[in-house]
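So the chains spell out like this:
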Amino acid sequence: MKQDGRQFDSHGRLRHFLTIEGLPRQTILDILDTAESFIAMGEREIKKVPLLRGKTVVNLFFESSTRTRTTFEIAAKRLSADVININPSLSSTAKGETLLDTVRNLEAMHTDLFVVRHASSGAAYLIAGHVSEHVHIINAGDGRHAHPTQAMLDMFTIRRHKGPFENLRVAIVGDVLHSRVARSEIHALTTLGAAEVRVIAPKTLLPTAVEKLGVHPFTDMRAGLADVDVIMMLRLQRERMTGALIPSEQEYFNLYGLTAEKRAYAKPDVIVMHPGPMNRGLEIDSAVADGPNSVILPQVTNGIAVRMAIMALIMGGTPAAEARRAP
Ligand code: NCD
């Protein structure tokens, strides 16, 4: 597979983490293996390694976030980096400064890594194209385009609970049209060789020609859930909807909300995932969200180890074995 020149440096090393699309399978596996070694560390009394000591990480979140921003902060701190959180609505951006000027000023303070979330697709790419060579960028969600670290933590969670991807049938359910999470999950699952990837949604919430991404579309939820090993629910992105794409919230829940009755169409040991924030009673029923098949909170915990792995790999070039040896 052709390597994305924007993510790799001239020596073929991963420099930025912007998208899963085009990422070699081995790179994805290296991240998962490295994260595995950081999981044990999170359970130790002293949850720190010195891999990024002396490095400065800036969390630049132009869109709101709880899980992603916090887990990036914890991950960077566990690697011994110094972390600054910038809230652009309280900073100079609110006074009219451009995105690139904000970044240039923070770069002048010797930032080593920017973790960027932005409502515009391509924002992290724009920044990656303008920073100097030693600076790294991680995309923490850009518009509808990509959310690659969410996809990685979800792949990690799936592998831990269900084993090899080749045996797995996965259904992604809900607002696929507006979801950067869905796009990144689809690229990750197809690269890892999942047996089948399905998307389930009303026609109005499916991108046109979605089959071209290598997935099987379903508009009937019960048919789509039949015999799946993994259900990935998506939030209805009402803030990104311009027209009326769903008939009513009640009808959406009746047709596409995950209830115990619908979950029973999947395999009995199916795992249920949601990237959060979830709308209980709209896309998922509390009985399922809090039920025995749910891995929604483990997803959050795993996000720390996976984000540590990604930061360690792009900044230190740390292969899995070296991370495992870290004190
Ligand atoms: C997702 C996001 O922001 O893209 N959430 C997350 O990062 N945990 C999904 C969403 O907002 O629906």
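From a predicted model like this one, the values you see are computed outputs, not experimental measurements.

Student: Mind showing me how you'd approach the pattern of salt bridges here?
Tutor: Side chains that differ in sign of charge can pair as their charged atoms come close. In this structure the tally under the stated criterion is 17 salt bridges. Here aspartate 101 and arginine 104 are joined by a salt bridge, their closest N and O atoms 3.4 Å apart. Pair noted here: aspartate 101 and arginine 104 are both in helix 3 (residues 99-107), with a separation of three residues, about one helical turn. Here arginine 104 falls in the partly exposed class, since its relative accessible area comes to 44%. Within the structure, one salt-bridge network assembled from shared partners comprises Asp33, Glu36, Arg159 and Arg160.

Student: Is there a simple way to explain the site of the ligand in this structure?
Tutor: Around the ligand sit Arg67, Thr68, Arg117, His147, Gln150, Arg180, Val181, Arg235, Gln237, Pro275, Gly276 and Pro277, and those are all the residues in its vicinity. Within the contact set of the ligand, a nitrogen atom lies 2.9 Å away from a backbone nitrogen or oxygen of proline 275. At a separation of 2.8 Å, a nitrogen atom of the ligand approaches a polar backbone atom of glycine 276. Bound to the protein, the ligand loses 94% of the 310 Å² it would expose on its own.

Student: Whenever I open this one, the pairing of strand 8 (residues 230-233) confuses me. Can you help?
Tutor: Consecutive side chains of a regular strand alternate in pointing toward one face of the sheet and then the other. Because side chains alternate across strand 8, one face comprises the buried residues Val230 and Met232, and the other comprises Ile231 and Met233, equally buried. Pairing analysis gives four bridges linking strand 5 (residues 169-173) to strand 8, with the strands arranged parallel. In the sheet register, valine 170 faces strand 8, and the bridge partner there is valine 230. Note: strand 8 against strand 9 (residues 271-273), three bridges, orientation parallel. Note on strand 9: the bridge partner recorded for methionine 232 is methionine 273.

Thresholds, definitions, all that
Residues numbered from 1 in each chain as written. Predicted model: local features only at pLDDT ≥ 70, side-chain atom pairs only at ≥ 80, totals over all residues. Heavy atoms only, no water. Salt bridge = Lys/Arg side-chain N within 4 Å of Asp/Glu carboxyl O. Helix = DSSP H or I, 4+ residues; strand = E, 2+ residues; numbered from the N terminus. Buried < 20%, exposed > 50% of the residue type's maximum accessible area, 1.4 Å probe, protein only. Near = heavy atom within 4 Å. Polar contact = N/O pair within 3.5 Å; in protein donor to acceptor, adjacent residues only side chain to side chain. Areas by Shrake-Rupley, 256 points an atom, 1.4 Å probe, with all protein chains shown as cover. Pairing = 2+ DSSP bridges.

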